[in-house]
Structure formats: structure tokens, C-alpha cells
Amino acid sequence: MLLHLPIGFLVLLGALELLSLHPRWRHAALSNRFILWLSAPVAVITAGCGWLLADSGGYDERLLFLHRWTGVGVALATCLLLWVYSRGWMGRYRVLLLITLGLTVLTGHYGASLTHGSDFLFRYAPDWLLGASPASGETEEQGDEGGAPLYADVQSTFTEYCGACHGPDKSKGGLRLDTFEHVDRGGDSGAVIVPGDPRASLLMQRLWLPLEDDDHMPPEGKPQPTAGELKRIQAWISAGASG
């Protein structure tokens, strides 16, 4: 929630400045000094907390670098906004506010990519928007029905429900589930798949845990795979977990 405060303050500043351009609302920006005094320390605290949180590891280094330093940039720019506004340089203030808002958008995008995966903007977009061929869906359905499940049959489940925390941008516990090679390799705790034995596979053990259990994956509050999707993963492991 702390992250949302400086973003909300900056968006509010921009909205009030826009309103003040209309004669009817010319006094809308009179409270901007007070808002700036609130937003500057909050932005600095947020950047500091984010920097410390990043030390937990498991993040894509490039995205982490970009998010860290754009976040620091937002904090510094917000402090500079307060100083420029206090000097009465309103033209420079408005230009700097526009730049700061743009930097905030970048920071938020990089942060969301770290948390939800770099494809978070389009992950749940309809196929027609992404240009996917309807034939591809038909192929997947045929794969589900005929013979032992293939890795391709379970990869979409891993991507949808596990990709945000175990993908190329963020790999909690050193585990990535975005390619067969990474699934087969396992994570910091070792292998998560025992070919031919779903009950001995750590991946299935975590998926089967009660939702309220702290070790259940995906965590409570996140979208959960259906019973059919779990059975498909179990069948894939039982068949030898081949790539």
C-alpha cells in the first residue's frame, strides 16, 4: 500500500494542475504545496523500502536495476518538485511534474514486471488481440485427449499460475517453471519433480496442500489451477515427466 501513496499524490498533483487551467477551476491547485510536503517524504521512504525488499533475491537483475533506479529517480524528482514549487517557478514546476509522472509510469511498469512477470500486460488478453491462431487451441485440446500428457500440455498451466514468481523475471527459491530444462533442474531445495512418482514430487506436494497452508502453491489469494489442470500435471509426472 505504501507504494501506491506517492503515485496517488503525483497523479493528484497532475489532475489539479490540469483543472486549474480552466477558469472555473483556477483555484484547484492551491493545495499543491501541502500535497508536495506529504508526497516528498513518502516517495523517499517508499524508494528506501523497495531497495531493501529487493535484497530478498530471486529477481531478474536487469529489471531490478531499472526498477530500483527509476524509483530513486521518482523520489529525487518529487523532492525537487517541492523545492521548485516553493521558489515559485511555476513553469518549471509543471514541466518537471510532467517528467516525474512519466518516470513514475516507468517505475510502476518495471515493478509490475518484477512482481507479475514481464508479460503481465497481455497474459490474459484474448487470442484475437494477440494474433493467436484458433488452430493452436485446437491442437492443445487434441493433445489433452490423446495418450499421455506432453510437457506442452502442462506448460500453459505453469505459465498462468506460477510464472509470476517462478519465471525469467523472478525465481523465488531459485525455481523457474518457464521451460522444461528449468523444471527438470529444480530450485534451491533440489528437484521438484520425481518422474513417475507424483506423490514424491515436491511440486505436487505443494499444489495438493490445503489452501490455508503457508506452503501451498500458488499462495492463497492468487488464482488457483483447476482440478482438471492438477490432474493433467499429475498424469504428466506419472508418465515420466518427459520434455
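Check the entry above for the structure.
Note that the structure is a prediction, hence the values are computed from the model and not measured. (Residues numbered from 1 in each chain as written. Predicted model: local features only at pLDDT ≥ 70, side-chain atom pairs only at ≥ 80, totals over all residues. Heavy atoms only, no water.)

K.L.:
Tell me about the overall build of the protein chain, and name the residues and values.
P.N.:
Of the regular secondary structure elements, the protein chain holds ten helices and zero strands. Counting from the amino terminus, helix and strand elements in the protein chain follow one another as α-α-α-α-α-α-α-α-α-α. Evaluated residue by residue, the protein chain yields a buried proportion of 35% over its 243 residues. Of the contacts made within the protein chain by residues no fewer than 6 positions apart, 58% connect residues no fewer than 24 positions apart. (Helix = DSSP H or I, 4+ residues; strand = E, 2+ residues; numbered from the N terminus. Buried < 20%, exposed > 50% of the residue type's maximum accessible area, 1.4 Å probe, protein only. Contact = heavy atoms within 4.5 Å.)

K.L.:
Let's hear about helix α2 (residues 32-53): which residues, and what values?
P.N.:
Compared with an ideal rise of 1.5 Å per residue, which puts 22 residues at 32 Å, α2 spans 30 Å between its outermost C-alpha atoms and is within 8% of the ideal. Within α2, burial applies to Asn32, Ile35, Leu36, Ser39, Ala40, Val42, Ala43 and Thr46. (Expected span 1.5 Å × (residues − 1).)

K.L.:
Explain the packing of helix α7 (residues 151-162) against helix α10 (residues 227-238) to me, and be specific about the residues and the numbers.
P.N.:
Viewed as axis vectors pointing N to C, α7 and α10 meet at an angle of 130°, and their least axial separation amounts to 9 Å. When the axis of α7 is compared with that of α10, the two are oblique. The chirality of how α7 crosses α10 is left-handed. Each of Tyr151, Asp153, Val154, Thr157, Phe158 and Tyr161 in α7 lies in contact with α10, whose residues at this interface are Glu229, Arg232, Ile233 and Trp236. Split by residue class, the contact of α7 with α10 holds six nonpolar, one polar and three charged. (Axes fitted to C-alpha atoms, helices over the stretch in contact; angles between N-to-C directions. Parallel < 35°, antiparallel > 145°, perpendicular 65-115°, else oblique. Left-handed = near helix turned anticlockwise from the far one by under 90°. Nonpolar A, V, L, I, M, F, W, Y, C, P; charged D, E, K, R; others polar.)

K.L.:
Go over the packing of aromatic side chains, please, and point to the residues and values.
P.N.:
Going through the model one piece at a time under the given rule, you end up with five aromatic pairs. Consider the rings of Tyr151 and Phe180, whose centres lie 5.5 Å apart with planes at 70°: the pair is edge-to-face. Highlighted residues: Tyr151 in helix α7 and Phe180 in helix α8 (residues 180-185), separated in sequence by 29 residues. Between the aromatic rings of Phe158 and Trp236, the centroid separation amounts to 6.4 Å while the plane-to-plane angle is 75°, which identifies the pairing as edge-to-face. Residue Phe158 is found in helix α7, and its partner Trp236 is found in helix α10; the two are separated by 78 residues along the sequence. Judged on exposure class, the residue Phe158 and its partner Trp236 are both buried. Aromatic rings pair up to connect Tyr151, Phe158, Phe180 and Trp236 into one cluster. The lysine or arginine in question, Arg92, covers the ring of Trp89, its NZ or CZ lying 4.7 Å from the ring centre. (Phe/Tyr/Trp six-rings, centres within 6.5 Å; stacked < 30°, edge-to-face > 60°. Lys NZ or Arg CZ within 6 Å of the ring centre and 35° of its normal.)

What is shown is where atoms sit, not what they do.
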